[in-house]
Amino acid sequence: MPEAPTTKTPTPPARGGFAPGAHREALEFIEHVTANAGQVQRRVLAEILAQNAPAEYLRRHGVVSGAAADDAVEAFRRLVPLVTYEGLQPDILRIANGDTSPILSGKPISEFLTSSGTSGGERKLMPTIADELDRRSLLYSLQMPVMSQSVPGLDKGKAMYLLFVKAESRTPGGLAARPVLTSYYRSRQFLERPHDPYTDYTSPNEAILCVDSYQSMYAQLLCGLVHRADVLRVGAVFASGFLRAIRFLEKHWPRLCRDIRNGAVDPETITDRAVRDAVGQVLAGRADPALADEIEAECGRASWEGIIRRLWPRTKYIDVIVTGAMSQYIPTLEFYGGGLPLACTMYASSECYFGLNLKPMCKPGDVAYTLIPTMCYFEFLPLRCSNNAKAEPSHRDLVDLVDVKLGHEYELVVTTYSGLCRYRVGDVLKVAGFKNEAPMFSFVRRQNVALSIDSDKTDETELHAAVSGAVQHLAPFGASLVEYTSYADAGAIPGHYVLFWELRAGTTDVPASVFEDCCLSVEEALNSVYRQCRACDRSIGPLEIRVVSEGTFDKLMDYAISRGASINQYKAPRCVRPGPVVELLDARVRGKYFSPKCPKWSPGNKQWNNNGRADVISNGDA
C-alpha cells in the first residue's frame, strides 16, 4: 500500500509516454487514504500544527509553539474557535500590506487567491503557500485514473478544454492577488507539465494565458475545431463558461471557418503575437477547405441541437461543474450536447482543493464528492448549529470527517496547511454515502447566496440595499415599490438577473428611461465580482426589471398558502426558482426594462481598505 503523501505529488509521467502503472498507483492511493481516513486526518492535523507552530494566530489561541504533537492537537481541539473571513480580515490586511512575520502560516505566504466573493459580495483574499500548488497538482493527477475506469481509451485523442485566466493585481506588500485557477495556469506545475496522452489539450498554453478574453476564446475554439477529429472530451470549469463558448461559436463560426479554409489566422482578429504564433503552429500553414466545409455544414443548420456531437463526433462526455448554482444550466447543456453525459469531476475552492467525484459518469443529480483526507483537516458543523440564530455556533459542535451521519447536512469547516484554522467555507454539504471510511458529499448550496449566474454571489441583504437605492428614481413621479422578488434567468446565454417589481402608481407615468436607470442603479450597487462578470467577462447579461400588475404578490401569497404555507408566517421570497412561481409572475408582467449599459468596473486602480478587501475604484465605464 502506498503511503499518503501530503505535499509531494506522485511520480510524474515520463516525457513521451504515460508512466507504467501510474493509474493503478493513483487508484491504490485513493483506496488507502479513504480506508484509513481517520488515521490520515489525525496525521494531517499534526503536520499542519507542526508546520504552523511559529504562527501568531495559533499562539494567540493557546496552541504553544514547540509542544508535543499530541499536546498541540489536544490544545487545537479544545481552544481554537470557528472563524469566518471577517474574523481574519485584520490579519490578512497585515500580510497584504507587507508584514512578513509568521501571522497565519509558519511558511512564507506566496500569494493571495481571490475568491468569487464573500457573503457581502466582495472578493476574499485567501493567503496561500507555495506547497499548495503541489497539493492541487496531486488532486488533478487523480482525475484521469478515476475517469478511465468509466471511460476507456481517453489516451487515444485530445481534450478540448476551454481554460482562461482573469485579472490580477498586487497588494501594497507586493504579493500577487489572483483567482486560484489563474494561479494554477501560470504555475510551473501546469506550464512545465510533462507530456501525457491522457491530458493532451487542443489549446496552446499561449491561448490559455492570454488576458484578452476574446482572443483567448477565439484561439481556443479555432484550435479545437482544427483538431475536431481527435477530440474525445470537451469542457470548461463551469457550465456557464462552456455555454458562453457555444454562444461565441454561434456568433463567430463563419470567421473561424474562413481561417481554417485559408490555413492562417487573420492578424486583425488575433493581435497578440504569442497567441498568433501558437495558433499558426496548429494550423501549420495548411489550408483545409474540406474541414471548413464540414464545420460550415453543421453550424449552418437551422437548429443547434446536438451541435457538440456533430462538431466533435468522437466526444464521449462534457466535463463541467453542474452542481450548486450551475445546475440551472443542465437543460441547455443537454440541448447542445445531444445526449452526451455531463461529467462533474472535482470539488475545490480558493481556500483549498477538497475532493473528487469517484463516479464521474453518474447523472448530475447523483454527483457526490469524496473528500481526499490528505488535502487539509476537515470538520463539519451540523446545519442545525450553523443556522441557529439564537446562539453562535461553537467549535464544540464540530464533527470529524469519519463521524458524519448518512443523510445529514453540514457546513464545511477546514484547517489548511496555508494557515486557515477552523475556517467556515460556507458550503452546505449532505452525506450521500461512503467510500471506505471517507464520506461522500453532495453539494447542497452556498450559505446565504440568493442569486448567481457565473462566479458572482449576491445575497439577500446586498440585493435589498441595491433595490432600496434604485427605487429612489421613482420618487419624482410619485410611484413607490410595493413588493419585489428576483431570479437568475439562465434561459439565454449569458444568463442575467431578473427583478419582479410591483408598484404603487404615482401621479404621472414613469418613463421607460427611468426604469432603465433603476436597472443600472441596481447593478452599480452590486459587488465587484458581479460588475466584472458584466463589464469585463461579459458572462452575465444586462439586469432586467419586469414590472407586474397590482395584486401580483397577493396572488403569489395565495399560491404559497395553497401549497401549505402559514398565512401568519408568510413573507414574500426575495429570490425564486424557475417553475410555477416564475410562470405566475411572468403571466402578470406589463413592462420589461434592461440596463442600458454596463456598470462601472476597472481591473487596475485598487484601493486596499481597512477591511482587508481590494475594492475597485472606477473612473468611467469599462
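About the cut-offs
- Residues numbered from 1 in each chain as written.
- Predicted model: local features only at pLDDT ≥ 70, side-chain atom pairs only at ≥ 80, totals over all residues.
- Heavy atoms only, no water.
- UniProt positions renumbered as here; feature names shortened; annotations may be inferred.
- Helix = DSSP H or I, 4+ residues; strand = E, 2+ residues; numbered from the N terminus.
- Rg over C-alpha atoms; globule rule 2.2 N^0.38 Å.
- Contact = heavy atoms within 4.5 Å.
- Lys, Arg positive; Asp, Glu negative; His and termini not counted.
- Charge placed at Lys NZ, Arg CZ, Asp CG, Glu CD.
- Buried < 20%, exposed > 50% of the residue type's maximum accessible area, 1.4 Å probe, protein only.
- Pairing = 2+ DSSP bridges.
- Arc of directions from axis to C-beta.
- Salt bridge = Lys/Arg side-chain N within 4 Å of Asp/Glu carboxyl O.
- Phe/Tyr/Trp six-rings, centres within 6.5 Å; stacked < 30°, edge-to-face > 60°.
- Core = buried A, V, L, I, M, F, W, Y, C linked by side-chain atoms within 4.5 Å.

- As annotated in an unreviewed UniProt entry, the protein carries the name Indole-3-acetic acid-amido synthetase GH3.1 and is attributed to Urochloa decumbens.
- The UniProt entry for the protein carries the following text under Sequence similarities (unreviewed entry): "Belongs to the IAA-amido conjugating enzyme family."

## Section: the overall build of the protein
Item 1. Of the regular secondary structure elements, the protein holds 21 helices and 22 strands.
Item 2. Against the globule reference of 25 Å for 622 residues, the protein gives a C-alpha radius of gyration of 25 Å, in line with a compact fold.
Item 3. With the principal axes as the frame, the protein shows a C-alpha extent of 75 × 70 × 50 Å.
Item 4. Partitioning the contacts of the protein with sequence separation of at least 6, the portion at a separation of at least 24 is 70%.
Item 5. Positive and negative side-chain charges in the protein, numbering 69 and 72 respectively, have mean positions lying 1 Å apart.

## Some points on the environment of Arg 186
Item 1. Checked against the element boundaries, Arg 186 lands in the loop between helix H7 (180-185) and helix H8 (188-191).
Item 2. Separated by 124 residues in the primary sequence, Arg 186 and Arg 310 have C-alpha atoms spaced 33 Å apart.
Item 3. Excluding residues that lie within four positions of it along the chain, Arg 186 makes contacts with Val 165, Glu 168, Arg 178, Leu 191, Leu 209 and Val 211.

## So, the side chain of Asp 91
Item 1. By the secondary structure assignment, Asp 91 is in helix H5 (residues 85-96).
Item 2. For Asp 91, a relative accessible area of 4% translates into the label buried.
Item 3. Among residues more than four places away in sequence, those in contact with Asp 91 are Tyr 57, Arg 60, Ile 103 and Leu 104.

## Observations concerning the sheet that holds strand E16 (residues 438-446)
Item 1. Read from one edge of the open sheet, eight strands run E9-E10-E11-E16-E15-E14-E12-E13, paired in antiparallel fashion. The open sheet has two free edges, formed respectively by strand E9 (346-348) and strand E13 (399-400), since each of these has just one partner strand.
Item 2. As paired strands, strand E14 (residues 409-415) and strand E15 (residues 423-435) are joined by five bridges and run antiparallel to one another. Looking at the pairing, Glu 409 lines up with Lys 430 of E15.

## Brief notes about the sheet that holds strand E7 (residues 317-321)
Item 1. What the four strands build is an open sheet, ordered E3-E6-E7-E8; its pairing is parallel. Each of the sheet's edge strands pairs with one partner strand only, and the pair in question is strand E3 (158-162) and strand E8 (342-343).
Item 2. Here five bridges tie E3 to strand E6 (residues 231-238), and the two strands are oriented parallel to one another. Bridge pairing links Ala 159 to Arg 233 in E6.

## Considerations on helix H4 (residues 69-79)
Item 1. Along H4, the residues classified as buried are Ala 72, Val 73, Ala 75 and Phe 76. Looking straight down H4, one finds its buried side chains confined to an arc of 165°; they lie on one side. Exposed positions of H4 whose direction lies more than 90 degrees from the buried face are Asp 70 and Asp 71.
Item 2. Check the buried side of H4 and you find it contacts helix H2 (37-51), strand E12 (377-382) and E14.

## Notes on unusual backbone geometry
Item 1. A cis amide bond links Ile 493 to the next residue, Pro 494, at an omega of -5°.
Item 2. Along the polypeptide, Pro 494 turns up in the loop between strand E17 (480-489) and strand E18 (496-504).
Item 3. Phi is positive for Ala 284, close to 55°, though the residue is something other than glycine.
Item 4. Assignment of secondary structure puts Ala 284 in the loop between helix H12 (273-283) and helix H13 (289-299).
Item 5. By relative accessible area, Ala 284 is classed as partly exposed at 38%.

## Remarks on the pattern of salt bridges
Item 1. One pass over the structure, following the stated rule, counts 34 salt bridges.
Item 2. The salt bridge involving Glu 56 is made with Arg 94; its shortest N-O contact spans 3.0 Å. Remark: Arg 94 occurs in helix H5 and Glu 56 occurs in helix H3 (residues 56-60); sequence separation between them is 38 residues.
Item 3. Judged by its relative accessible area of 24%, Glu 56 falls in the partly exposed class.
Item 4. Accessibility expressed as a relative area gives 29% for Arg 94, which makes it partly exposed.
Item 5. For Lys 166, the salt bridge goes to Asp 537, with nearest N and O atoms at 2.9 Å. Taken together, the residues span a long stretch of sequence, with Lys 166 in the loop between E3 and strand E4 (169-170) and Asp 537 in helix H19 (residues 528-537) at a distance of 371 residues.
Item 6. Residue classification places Asp 537 among the buried residues on the basis of a relative accessible area of 11%.
Item 7. Linked by salt bridges that have partners in common, Glu 56, Arg 60, Asp 91, Arg 94 and Asp 99 make up one network.

## Focus on the packing of aromatic side chains
Item 1. Using the criterion set out here, one finds 19 aromatic pairs in the structure.
Item 2. Between Tyr 214 and Tyr 218, the ring centres sit 6.3 Å apart and the planes meet at 20°, which makes this aromatic pair stacked. Within this pair, Tyr 214 and its partner Tyr 218 are both found in helix H10 (residues 213-226), separated by four residues, close to a single helical turn.
Item 3. The class for Tyr 214 is partly exposed, based on a relative accessible area of 27%.
Item 4. Note on Tyr 218: relative accessible area 0%, which makes it buried.
Item 5. Judged by centre distance (4.9 Å) and plane angle (20°), the ring pair of Phe 380 and Phe 441 falls under stacked. A residue pair is termed long-range when its members are at least 10 positions apart, and Phe 380 in strand E12 and Phe 441 in strand E16 qualify at 61 residues.

## Re the nonpolar core
Item 1. With 175 residues, the main nonpolar core has Phe 242, Phe 378, Phe 380, Leu 412, Leu 474 and Trp 501 as its most contacted residues.
Item 2. In terms of residue count, helix H11 (residues 239-262) provides more of this core than any other element does, 11 residues in total.
Item 3. Those residues in contact with Leu 412 that sit more than four places away from it in its chain are Tyr 347, Phe 354, Leu 371, Phe 378, Glu 379, Phe 380, Tyr 423, Arg 424, Val 425, Gly 426, Asp 427 and Leu 429.
Item 4. Formed by 10 residues, the second largest nonpolar core is a distinct cluster that contains Tyr 487, Phe 500, Phe 553 and Leu 556.

## With respect to H12
Item 1. Every buried residue of H12 is accounted for by Val 275, Ala 278, Val 279 and Leu 283. Taken around the axis of H12, the buried residues stretch over an arc of 145°, which confines them to a single face. Exposed side chains of H12 directed beyond 90 degrees from the buried face belong to Arg 273 and Gln 281.
Item 2. Residues of H12 that are buried make contact with helix H9 (205-208) and H10.

## Side note on the pairing of strand E1 (residues 111-114)
Item 1. Covered by surrounding structure in E1 are Glu 111 and Leu 113 together with Phe 112 and Thr 114, the residues of both alternating faces.
Item 2. Where E1 and strand E2 (residues 125-128) come together, four bridges link them in antiparallel fashion. The partner of Leu 113 across the bridge, within E2, is Met 126.
Item 3. The pairing of E1 with strand E5 (residues 176-178) spans two bridges and is classified as parallel. Looking at the pairing, Phe 112 lines up with Ala 177 of E5.

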